[in-house]
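The chain contents come next:
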Amino acid sequence: MAVGSRLRHVVESQQFSRALLEELFVRSEEMKREPHHFIGRLAGQVMAALFYEPSTRTRLSFEAAMLRLGGTTMVTDNAREFSSAAKGETLEDTIRIVSGYADVIVVRHKEEGAAKRAAAVSAVPIINAGDGPGQHPTQALLDLYTIRDEIGNVDGISIAMVGDLANGRTVRSLTYLLSKFRDIRVCFVAPPQVAMRQDIKEHLDEHRVPWTETQDLDSVLPKVDVVYQTRIQKERFPDEASYLAVKGIYRIDARAMSLLRETAIVMHPLPRVDEISPEIDSDPRAAYFRQARNGMYIRMALLDRVLS
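Quick look at the structure, then.

Scoring rules and cut-offs
Residues numbered from 1 in each chain as written. Predicted model: local features only at pLDDT ≥ 70, side-chain atom pairs only at ≥ 80, totals over all residues. Heavy atoms only, no water. Helix = DSSP H or I, 4+ residues; strand = E, 2+ residues; numbered from the N terminus. Buried < 20%, exposed > 50% of the residue type's maximum accessible area, 1.4 Å probe, protein only. Pairing = 2+ DSSP bridges. Patch = residues over 30% accessible without salt bridge, like charges linked within 9 Å, V, L, I, M, F, W, Y side chains within 5 Å. Areas by Shrake-Rupley, 256 points an atom, 1.4 Å probe, with all protein chains shown as cover. Salt bridge = Lys/Arg side-chain N within 4 Å of Asp/Glu carboxyl O. Phe/Tyr/Trp six-rings, centres within 6.5 Å; stacked < 30°, edge-to-face > 60°.

## Looking at unusual backbone geometry
Alright, step 1. Note that the residue after L270, namely P271, is joined by a cis bond; omega there is 10 degrees.
Alright, step 2. Within the secondary structure, P271 sits in the loop between β11 (265-267) and α12 (288-307).
Alright, step 3. Non-glycine residue R208 carries a positive phi angle of around 55 degrees.
Alright, step 4. Relative to the elements of secondary structure, R208 occurs in the loop between α8 (198-206) and β9 (211-214).

See the structure below:
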């Protein structure tokens, strides 16, 4: 997906080399530190955002990123109901049309693989903003940037991924990126119904990244540098009973924080429901709101790289 030094489409985490990641992080840091230097950089460029699933942070941070760089945005929120998809138009036909109006298209879709389908027919760059239970590469980029920013490095960290790992596109995408770094240790914490899928475990084995699996969160908390907590995603379950069987199974509260190292951090892709207690929001180790803010700078760097 990257041609020479140019990045074309952004559809999956696997396409990023470590060198490209480091380059994006340096540019994100520059944009975070001195945003005024980048005003007008994408003047005259248009970003179209097609969101077939609900979103707050991803959609708004992409819009803010484009606007801060001097570009303009066209947004179709809830495109499943308020676009020609409601009339039966295929994703491919929609992309063909919209790519004639915009310089870059950001797509969120309920179906895994939708971003690849979009990229196959688009005349302009496609950025995957989440495709069902598949991937969410820009979230993974901001997650990795947050780990680097908060802890000081990525090499050598141990991370617990907690919650709905079978349907969690954020943890899948982040795992692909982590496998590009050295001495990473991963622990998957989930009930069997939503355990991490086999393809990710095989990817870690292939890249010689040690991983473990448990249902006991308390046993893991004292040993890790990062707790990546995720929401049990009600919308991905076939019925209410299946969801209720695992809802609320893991909760980060004051008691859980007492087990965590003083130097560790808690992350969450948000939105949260009941898996992180608001009582820990003021704890310096609660990094999830800083993590969300980082999304704008990462997406600024990514849009700049794709469009410059």
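So that's the structure; there's more coming.
## Concerning the pairing of strand β10 (residues 226-229)
Alright, step 1. Taking every second residue as pointing to the same face, both faces of β10 are buried, with V226 and Y228 on one and V227 and Q229 on the other.
Alright, step 2. Pairing of strand β7 (residues 158-162) with β10 involves four bridges; the strand directions are parallel. Note that in β10 the partner of V162 across the bridge is Q229.
Alright, step 3. The sheet contact formed by β10 and β11 spans three bridges and is parallel. Bridge pairing links V227 to V266 in β11.

## Thoughts on a nonpolar patch on the surface
Alright, step 1. Among the surface-exposed residues, M74, I97 and Y101 lie close enough to one another that they form a single nonpolar patch of about 310 Å² accessible area.
Alright, step 2. Relative accessible area serves as the criterion here: at 56%, Y101 is assigned to the exposed category.

## Things to note about the packing of aromatic side chains
Given two aromatic rings, one states the distance between the centres and the angle between the planes to describe the pair.
Alright, step 1. For the structure shown, the criterion picks out three aromatic pairs.
Alright, step 2. Taking 6.0 Å as the distance between ring centres and 45 degrees as the angle between the ring planes, the aromatic pair formed by F188 and W211 counts as tilted. Highlighted residues: F188 in strand β8 (residues 185-189) and W211 in strand β9, separated in sequence by 23 residues.
Alright, step 3. Note on Y288 and F289: the rings are 5.1 Å apart at their centroids and 70 degrees apart in plane angle, and the pair reads as edge-to-face.
Alright, step 4. Y288 sits in the buried class, given a relative accessible area of 1%.

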